[in-house]
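Take a look at the letters that make up each chain.
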Amino acid sequence: MNTLKSIGAVLAGFITVVVLSTGTDFILEQTGIFTPAGQSIFITWMLVVALTYRMFYTVVGGYVTAALAPQRPMKHVVILGIIGTVAGIMGVIVGWDLSDHWYPIAVAATGFPCTWLGGKLKTGNRLMINQLKN
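Here's a quick rundown of the structure. (Residues numbered from 1 in each chain as written. Predicted model: local features only at pLDDT ≥ 70, side-chain atom pairs only at ≥ 80, totals over all residues. Heavy atoms only, no water.)

1. Remarks on the side chain of Thr-65
So, point 1. Position of Thr-65 relative to the elements: it lies in helix H2 (residues 44–68).
So, point 2. Leave out the neighbours within four places in its chain, and Thr-65 touches Ala-9, Val-10, Gly-13, His-76, Val-77 and Leu-80. (Helix = DSSP H or I, 4+ residues; strand = E, 2+ residues; numbered from the N terminus. Contact = heavy atoms within 4.5 Å.)

Dropping the structure here:
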């Protein structure tokens, strides 16, 4: 049963990042703030904004994974971070000709630290609460 909960915790964190990121992309494209997905016009400020919210959502994903992990939450967070880093590296390879090179590299490079931070924010809160109780 814990194995399914562990898989679910990691999957929930991953889905959180994907849904929030693609949802924000969709909203920004539909409102005309970003160019539509079919057009290959990327302006630096758009990429900076996209990187910023992706980093934030990745922190949230790490937090969600740590919150749902049945035990050893940081182990689950590290697994999510590794999966995210691998996905980010694949994004670098696939997206190399689609945008400025710095952007997919930055997405891949910030994935693990942001995931880890989200996990630490969650587990750190638990530690602080336990210390206050003592």
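2. Topic: the nonpolar core
So, point 1. Counting residues in each nonpolar core, the largest one holds 10 residues, listed as Leu-28, Phe-34, Met-46, Leu-47, Ala-50, Leu-51, Tyr-53, Tyr-57, Tyr-103 and Ala-106.
So, point 2. When residues of this core are traced back to their parent elements, those giving at least two are H2 and helix H4 (102–133).
So, point 3. At 6 residues, H2 tops the list of elements feeding residues into this core.
So, point 4. The contacts of Tyr-53, once residues within four sequence positions are left out, are Ser-21, Thr-24, Asp-25, Leu-28 and Phe-34. (Core = buried A, V, L, I, M, F, W, Y, C linked by side-chain atoms within 4.5 Å. Buried < 20%, exposed > 50% of the residue type's maximum accessible area, 1.4 Å probe, protein only.)

3. Topic: the pattern of salt bridges
So, point 1. What the rule picks out here adds up to 1 salt bridge.
So, point 2. The residue Asp-25 makes a salt bridge to Arg-54 at a minimum N-O spacing of 2.5 Å. Linking Asp-25 in helix H1 (residues 2–30) with Arg-54 in helix H2, this pair joins segments that are 29 residues apart in sequence. (Salt bridge = Lys/Arg side-chain N within 4 Å of Asp/Glu carboxyl O.)

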